[in-house]
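Breakdown of the fold
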Amino acid sequence: MPELPEIETIRRGLERETVGRRVKSVDVPAAKAVHRNGSRKAFQARLEGVKIKSVDRRGSLLVFTLDSGELLVIDIGTSGQLLRTTPKDEASKDTQIVLTFTQGGQLRMADPEGTAEAFVVTPDLLLEEAPELAELGLDPVASPVSWTAFAQSLVNHRTERLKPLLLDQSFVVGLGGLYADEILHDAGLRPDREVSTVSTMEIRRLYRSLVEILHEATKHHGTSTEEHPFTDLHGKAGSFQDALQVWGRDGEPCRRCRGTVTKQRGGGRVTYWCPSCQV
């Protein structure tokens, strides 16, 4: 599932490739993908002829501001992909939506699992349509987060354990198992540590690891592994997988202490960590 660095990579690509372009036509092979607007025709009518003014990210949602005054919102779900193509490029059987621009090719949304979706909404109704946006947590990639703001937010969850807390979108947006595991390893903290037991120095380490890893992963256009596949708008895989310290490395030596990286299952999720140097 794409996490914060991957979604931000897509957003930056969309900002370069679609802002200023006008939508000539809209094709919707999968009506399910636009069900929030009622029908294919309703979705098409609100997009055809409009120009894209900007592309923002609200948590894991991509939000296009249109010159019609409305917003196009895209949620790529767990397996969706956005691709910048030309009309001549062969469309995959998983293609759900195709936006054709008056100049500059197409933007296609594809999803083999059918969890991705898009809808057009007026700004005043966005929170009604996506109420989860009202409770988004810290977003270190979108805007700087101070150490004090992070620490205060953390201590407000004293009885929670670190990994589940990192996965809570109301604490930090856009994290999944991969980056949560990498952040905790970098900070030297056990995934099951309770917040109340974490010292001020450890909070500082966690803060630094969170900010640095998310920015570094975004700089490398995200992570692409067999378990965590990702490609950008042009079909190019990210490269942060080359820097992974624990994710997918169970049974291998820890690169920091030479202990053995462990894979642990529990609570419906998989965790990779080093019992030797994460305390």
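Our structure's up above, just so we're on the same page.
Note that the structure is a prediction, hence the values are computed from the model and not measured.

**A short note on the overall build of the protein**
Assigned secondary structure in the protein consists of seven helices and 10 strands. Against the compact-globule benchmark of 19 Å for 279 residues, the protein has a radius of gyration of 20 Å, which places it among compact chains. Judged by the C-alpha coordinates and their principal axes, the protein covers about 60 × 35 × 30 Å. Evaluated residue by residue, the protein yields a buried proportion of 48% over its 279 residues. Considering only contacts within the protein whose residues lie at least 6 apart along the sequence, 61% involve residues at least 24 apart. Accessible area of the protein: about 12900 Å², with a carbon and sulfur share of 48%. Of the charged side chains in the protein, 36 are positive and 39 negative; the average position of the first set lies 3 Å away from that of the second.

**Some remarks on helix H4 (residues 147–155)**
When we look at burial in H4, the residues that qualify are Phe150, Ala151, Ser153 and Leu154. Looking down the long axis of H4, one finds its buried residues gathered within 165 degrees of arc, a one-sided arrangement.

**What about empty space enclosed by the protein?**
Tallied over the full model, the rule gives one cavity of 30 Å³ or more. In this structure, the largest cavity occupies an estimated 60 Å³ of space. Lining the largest cavity we find Phe43, Leu47, Leu72, Ile74, Leu82, Ile97, Leu99, Leu107, Arg108, Met109 and Ala118. Elements that contribute at least two residues to the lining of the largest cavity include exactly helix H2 (40–47), strand E4 (71–75), strand E6 (95–101) and strand E7 (106–110). Looking at which element gives the most residues to the lining of the largest cavity, the answer is E7, with three residues. Class assignment of the residues belonging to the lining of the largest cavity gives a composition of 10 nonpolar, no polar and one charged.

**Examining the sheet that holds strand E1 (residues 23–27)**
Here we have four strands laid out as an open sheet, ordered E1-E6-E7-E5, and antiparallel in their pairing. If you trace the sheet from one side to the other, it starts and ends with E1 and strand E5 (81–85), each paired once. Taking the axes of each pair of neighbouring strands and ignoring which way they run, one obtains an average angle of 15 degrees across the sheet. Across the sheet, helix H1 (residues 4–18) lies against E5, E6 and E7, angled at about 25 degrees from E5, the strand it touches most. Contacting E1 and E6, H2 runs over the sheet at an angle of about 170 degrees to E1.

**Things to note about the sheet that holds E4**
Pairing in this open sheet of four strands is antiparallel, and the strands run E2-E3-E4-E8 from one edge to the other. Looking at the sheet topology across the chains shown, the edges are occupied by strand E2 (52–58) and strand E8 (117–121). Along the sheet, successive strands turn relative to each other by an average axial angle of 20 degrees, direction set aside. Across the sheet, H1 touches E2 and strand E3 (61–66), and the angle it forms with E2 is around 175 degrees. Relative to the sheet, H2 contacts E3, E4 and E8, its axis offset from that of E8 by approximately 60 degrees.

**Comments concerning the environment of Phe119**
Mapped onto the secondary structure, Phe119 falls in strand E8. Classification of Phe119 by relative accessible area gives buried; the value is 3%. For the pair Phe119 and Leu71, spaced 48 residues apart in sequence, the C-alpha separation works out to 8.2 Å. Setting aside residues up to four positions removed in sequence, Phe119 forms contacts with Arg36, Asn37, Phe43, Leu71, Leu72, Val73 and Glu129.

**Describing the packing of aromatic side chains**
Applying the stated criterion across every chain, the model contains five aromatic pairs. Seen in terms of ring centroids, Trp147 and Tyr207 are 6.3 Å apart; in terms of plane orientation they differ by 65 degrees. Their pairing is edge-to-face. With Trp147 in helix H4 and Tyr207 in helix H7 (residues 200–219), this residue pair connects regions lying 60 residues apart in the sequence. When the centroid spacing of 5.7 Å and the interplanar angle of 45 degrees are considered together, the rings of Phe150 and Tyr207 count as tilted. In this pair, Phe150 is assigned in helix H4 and Tyr207 in helix H7, connecting sequence segments 57 residues apart. Each of the two residues, Phe150 as well as Tyr207, counts as buried. By way of ring pairs, the aromatic residues Trp147, Phe150, Phe171 and Tyr207 are connected into one cluster.

Cut-offs and rules
Residues numbered from 1 in each chain as written. Predicted model: local features only at pLDDT ≥ 70, side-chain atom pairs only at ≥ 80, totals over all residues. Heavy atoms only, no water. Helix = DSSP H or I, 4+ residues; strand = E, 2+ residues; numbered from the N terminus. Rg over C-alpha atoms; globule rule 2.2 N^0.38 Å. Buried < 20%, exposed > 50% of the residue type's maximum accessible area, 1.4 Å probe, protein only. Contact = heavy atoms within 4.5 Å. Areas by Shrake-Rupley, 256 points an atom, 1.4 Å probe, with all protein chains shown as cover. Lys, Arg positive; Asp, Glu negative; His and termini not counted. Charge placed at Lys NZ, Arg CZ, Asp CG, Glu CD. Arc of directions from axis to C-beta. 1 Å grid on protein atoms, 1.4 Å probe; cavity = no way out; pocket = protein on both sides within 12 Å on 5 of 7 lines; lining within 4 Å. Points joined across faces, edges and corners; volume = space filled by probe spheres on them. Nonpolar A, V, L, I, M, F, W, Y, C, P; charged D, E, K, R; others polar. Pairing = 2+ DSSP bridges. Axes fitted to C-alpha atoms, helices over the stretch in contact; angles between N-to-C directions. Phe/Tyr/Trp six-rings, centres within 6.5 Å; stacked < 30°, edge-to-face > 60°.

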